[in-house]
Amino acid sequence: MYLVLEYSLADDYLERRAALREEHLALAAAAHERGELLLAGALPDPFDRALLVWTAGREVVERFAESDPYVVNGLVASWTVRPWNVVVGGQGS
């Protein structure tokens, strides 16, 4: 089973992300290297959401979000964690 961390991005996300991007990406890269984070990226046109797909448990995902500099500094207006039932590809096939 996977979990999806969905970020609803602040209106000024693009203008403010540069100062925090390196720290945010380092946090995500570390989670990926540990095998917890499978995929991550923003949805463009407009840049209003980001999705992070996890193989780790809810506690790990929530801890990530709570420590993410994008969340801590208000670039993320809100976030949710939801299960994702894969039916084709990955572990679901």
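Everything numeric in this text was worked out from a predicted model, so none of it was measured.

Student: Which parts of the structure should I look at to understand the overall build of the chain?
Tutor: Helices and strands together make up the secondary structure of the chain, namely four helices and four strands. Sequence-ordered secondary structure for the chain, helices as α and strands as β, is β-α-α-β-β-α-α-β. Sorting the 93 residues of the chain into buried and exposed places 32% on the buried side. In the chain, 71% of the contacts between residues at least 6 apart in sequence involve partners at least 24 apart. Accessible surface, the chain: about 5800 Å² in total, of which carbon and sulfur atoms supply 53%. For the chain, the distance from the average position of its 8 positive side-chain charges to the average position of its 14 negative side-chain charges is 3 Å.

Student: Could you clarify how one ought to interpret the sheet that holds strand S4 (residues 76-84) in this entry?
Tutor: By way of backbone hydrogen bonds, the strands of a sheet pair with one another, either parallel or antiparallel. Strand order in the open sheet formed by four strands is S2-S3-S1-S4, with antiparallel pairing between adjacent strands. The sheet terminates laterally at strand S2 (37-43) and S4, the two strands that pair on one side only. Neighbour-to-neighbour, the strand axes of this sheet turn through a mean angle of 15°, independent of strand direction. Of the pairings in the sheet, the one linking strand S1 (residues 2-9) to strand S3 (residues 49-54) comprises six bridges and is antiparallel in character. In the strand pairing of S3, Glu6 is matched with Leu51. Relative to S4, helix H3 (residues 58-67) is tilted by about 165°, and along the sheet it contacts S1, S3 and S4.

Student: What should I look at first to understand H3 in this one?
Tutor: Every α-helix carries 3.6 residues per turn, so stepping three or four residues along brings you back to the same face. Among all positions of H3, only Val61, Phe64 and Ala65 are buried. For H3, the angular spread of buried residues about the axis comes to 95°, placing them on one side. In H3, the exposed positions angled more than 90 degrees off the buried face are occupied by Glu59, Arg63 and Glu66. Each element contacted by the buried residues of H3 is listed here: S1, helix H2 (18-33), S3, helix H4 (69-72) and S4.

Parameters and conventions
Residues numbered from 1 in each chain as written. Predicted model: local features only at pLDDT ≥ 70, side-chain atom pairs only at ≥ 80, totals over all residues. Heavy atoms only, no water. Helix = DSSP H or I, 4+ residues; strand = E, 2+ residues; numbered from the N terminus. Buried < 20%, exposed > 50% of the residue type's maximum accessible area, 1.4 Å probe, protein only. Contact = heavy atoms within 4.5 Å. Areas by Shrake-Rupley, 256 points an atom, 1.4 Å probe, with all protein chains shown as cover. Lys, Arg positive; Asp, Glu negative; His and termini not counted. Charge placed at Lys NZ, Arg CZ, Asp CG, Glu CD. Pairing = 2+ DSSP bridges. Axes fitted to C-alpha atoms, helices over the stretch in contact; angles between N-to-C directions. Arc of directions from axis to C-beta.

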